[in-house]
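Residues per chain are reported as follows:
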Amino acid sequence: MHETDLSQLAEQIKHWGRELGFAAVGIADVDLAAAEAGLLAWLQRGFHGEMDYMATHGTKRSRPAELVPGTLRVISARLDYFPPDAAAPHAVLADAACAYVSRYALGRDYHKVVRSRLQTLADRISAVVGEHHYRVFSDSAPVLEVALATQAGLGWRGKHSLLLNRQHGSWFFLGEIYTDLPLPVDAPEAAHCGTCRACLDVCPTQAIVAPYTVDARRCISYLTIELKGSIPVDLRPLLGNRIYGCDDCQLACPWNRFAQATALPDFAVRNGLDSARLLDLFAWSEADFNERLAGSPIRRIGHERWLRNIAVALGNAPPSPEIHAALSVRVDHPSTLVREHVAWALERQRST
Ligand code: B12
Ligand code: SF4
């Protein structure tokens, strides 16, 4: 294609992206040498914990053309997810009887929502240019999504390591189209964190060990979602009532005052998960869990880890006969993991 046609196509792609509900779309080249060094240093320090998939793909993650041969550009897109109707996060965090579920997980699983919109965008591109080689991702393959989105001019990397934007804060998902079309690239945005370090200071487990560096092994998101086994005992009290993910670094960020709520019904709150009571959620049977959380990202952790996480939150709540009774019902649960966390919670209820 001629250079002028490619420039027009790039503008068209951004326009279509907005029509499809994305807050913004940008285009990046595939040179991620600086990010590769950061990734390798992070892996070497063991910060990925049990997330073996972060280490197993070698340089495919930092060299897009090794993942999809022929890739010349990455079309990066961001989709807002903060639900407009959700209960105020700080109020839920402050109420020990309530469960805090991270804002991204209150509605439908984003992986499909983002990918299907990107597929529609790719189809529109195909309709104009004919055959082109592409693949669509959203947290679904070894891709350095934040580094690519930064390079595509969609925002800057905050000190909590997430992408931030002046108009939208950080409450958005990222997704990409890898393409062999030599589209013109966008310029990265300047960083605006300045001397602020609110996210580092607020983190309950001090998981942001230096600006831009998260030790996942300490992050509540990792402990409640990714970790399959036992939650380290010294970290359990710090989880508070966070039963799935954690938003504290984003809630502390001053740029999120400017964030806009999503207009997508997909991310609307389901099952009252924005302010549900711990005791109600702990009473769900495995069948309830699977049925009520069909289509939710939470379903991936399974009923066992769900009970593990809620047991920790109940252990952290002020002692009460209702909590003691609910935990006692689960003391003989068939899972060793659940039994161990329930025993810890009962002991904590007794000793606080
Ligand atoms: C693994 C992972 C996690 C892990 C590890 C997090 C991490 N920071 O690495 C855990 C489970 C902890 C996690 C948690 C969360 N995650 Co996550 N996660 C990912 C995933 C799959 C890979 C991230 C990655 O590559 N990590 C490896 C490390 C090395 O990368 P990095 O932290 O970006 O490190 C770079 C910098 O440190 C840089 N660097 C080093 N030194 C310096 C110095 C300077 C000055 C600069 C600028 C950079 C720099 O070099 C590194 C390489 O680029 C991505 C999806 C994807 N495929 O990219 C989602 C993703 C990053 N997560 C996302 C979300 C929403 C979350 C949570 C908010 C979920 C929640 N509410 O619980 C939390 C936030 C916690 C946090 N502060 O990071 C979104 C973020 C969207 C956004 N706005 O940026 C993503 C992009 C998924 C998506 N498709 O939308 N996540
Ligand atoms: S998500 Fe929570 S635990 Fe993880 S780095 Fe941010 S504030 Fe810390």
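Residues numbered from 1 in each chain as written. Chains lettered and ligands numbered in written order. Predicted model: local features only at pLDDT ≥ 70, side-chain atom pairs only at ≥ 80, totals over all residues. Heavy atoms only, no water.

A. Just the packing of helix α1 (residues 3-19) against helix α6 (residues 110-129), in detail. Direction vectors running N to C along α1 and α6 enclose 145°, while the axes themselves pass 10 Å from each other. Of the two possible hands of crossing, α1 and α6 adopt the one that is right-handed. Here Leu-9, Ile-13, Trp-16, Gly-17 and Glu-19 of α1 come into contact with α6, specifically with Leu-121, Arg-124, Ile-125, Val-128 and Val-129. Residue composition of the contact of α1 with α6, grouped by class: seven nonpolar, one polar and two charged. (Axes fitted to C-alpha atoms, helices over the stretch in contact; angles between N-to-C directions. Helix = DSSP H or I, 4+ residues; strand = E, 2+ residues; numbered from the N terminus. Left-handed = near helix turned anticlockwise from the far one by under 90°. Contact = heavy atoms within 4.5 Å. Nonpolar A, V, L, I, M, F, W, Y, C, P; charged D, E, K, R; others polar.)

B. The pattern of salt bridges, seen in detail. Under the definition given, this model contains 14 salt bridges. Glu-226 is the partner of Arg-300 in a salt bridge, and the nearest nitrogen-oxygen pair spans 3.2 Å. Taken together, the residues span a long stretch of sequence, with Arg-300 in the loop between α12 (286-292) and α13 (302-316) and Glu-226 in helix α9 (residues 220-226) at a distance of 74 residues. The exposed category is assigned to Arg-300, whose relative accessible area is 54%. (Salt bridge = Lys/Arg side-chain N within 4 Å of Asp/Glu carboxyl O. Buried < 20%, exposed > 50% of the residue type's maximum accessible area, 1.4 Å probe, protein only.)

C. Layout of α13. Here α13 is 15 residues long and its end C-alpha atoms lie 22 Å apart, about the 21 Å a rise of 1.5 Å per residue gives. The buried fraction of α13 amounts to 14 of the 15 residues, a majority that puts the element mostly inside the structure. (Expected span 1.5 Å × (residues − 1).)

D. Spatial organisation of the site of ligand 2. Every residue lining ligand 2 is accounted for by Cys-203, Pro-204, Thr-205, Ile-208, Cys-219, Ile-220, Cys-246, Asp-248 and Cys-249. Tallied by class, residues from the shell around ligand 2 come to seven nonpolar, one polar and one charged. (Near = heavy atom within 4 Å.)

E. Inspection of the packing of helix α14 (residues 321-329) against helix α15 (residues 336-351) at higher detail. α15 packs onto α14 with a crossing angle of 155° between their chain directions and a minimal axis gap of 10 Å. With respect to α15, the axis of α14 lies roughly antiparallel. As α14 runs across α15, the sense of the crossing is left-handed. Residues Ile-323, His-324, Leu-327 and Ser-328 of α14 pack against Val-342, Ala-345, Leu-346, Gln-349 and Arg-350 of α15. (Parallel < 35°, antiparallel > 145°, perpendicular 65-115°, else oblique.)

F. Geometry of the side chain of His-111. Tracing the backbone shows His-111 in helix α6. Reaching out from His-111, the side chain makes a polar contact with the side chain of Asp-109 at a distance of 2.7 Å. Ignoring anything within four residues of it in the chain, the contact list for His-111 reads Ser-138 and Asp-139. (Polar contact = N/O pair within 3.5 Å; in protein donor to acceptor, adjacent residues only side chain to side chain.)

G. Fine view of the site of ligand 1. The environment of ligand 1 is made up of 36 residues, and the closest members are Glu-145, Arg-157, Leu-163, Tyr-212 and Ser-221. The separation between a nitrogen atom of ligand 1 and a polar side-chain atom of Ser-161 is 2.9 Å. Taking Phe-172, its main chain carries an N or O atom lying 3.3 Å from a nitrogen atom of ligand 1. Secondary-structure elements contributing two or more residues to the shell around ligand 1 are α2 (33-44), α7 (145-151), β7 (172-179), α9 and α10 (248-251). Looking at the shell around ligand 1, the element that brings in the most residues is α2, giving four residues. When grouped by side-chain class, the residues that make up the shell around ligand 1 number 22 nonpolar, nine polar and five charged.

H. Representation of the sheet that holds strand β2 (residues 73-80) in the model. Ordered in space as β1-β2-β7-β4, the four strands form an open sheet in which the pairing is antiparallel. Every interior strand has two partners, whereas the edge strands, β1 (24-28) and β4 (134-137), have only one. On average, each strand axis in the sheet is tilted by 20° relative to the strand beside it, whichever way the strands run. Of the pairings in the sheet, the one linking β2 to β7 comprises eight bridges and is antiparallel in character. Counted as the bridge partner of Arg-73 is Thr-179 from β7. Strand contacts of α1: β1 and β2, with the helix running at about 145° to β1, the strand carrying the most contacts. α6 rests against β2, β4 and β7 of the sheet, and its axis sits at about 155° to β4. (Pairing = 2+ DSSP bridges.)

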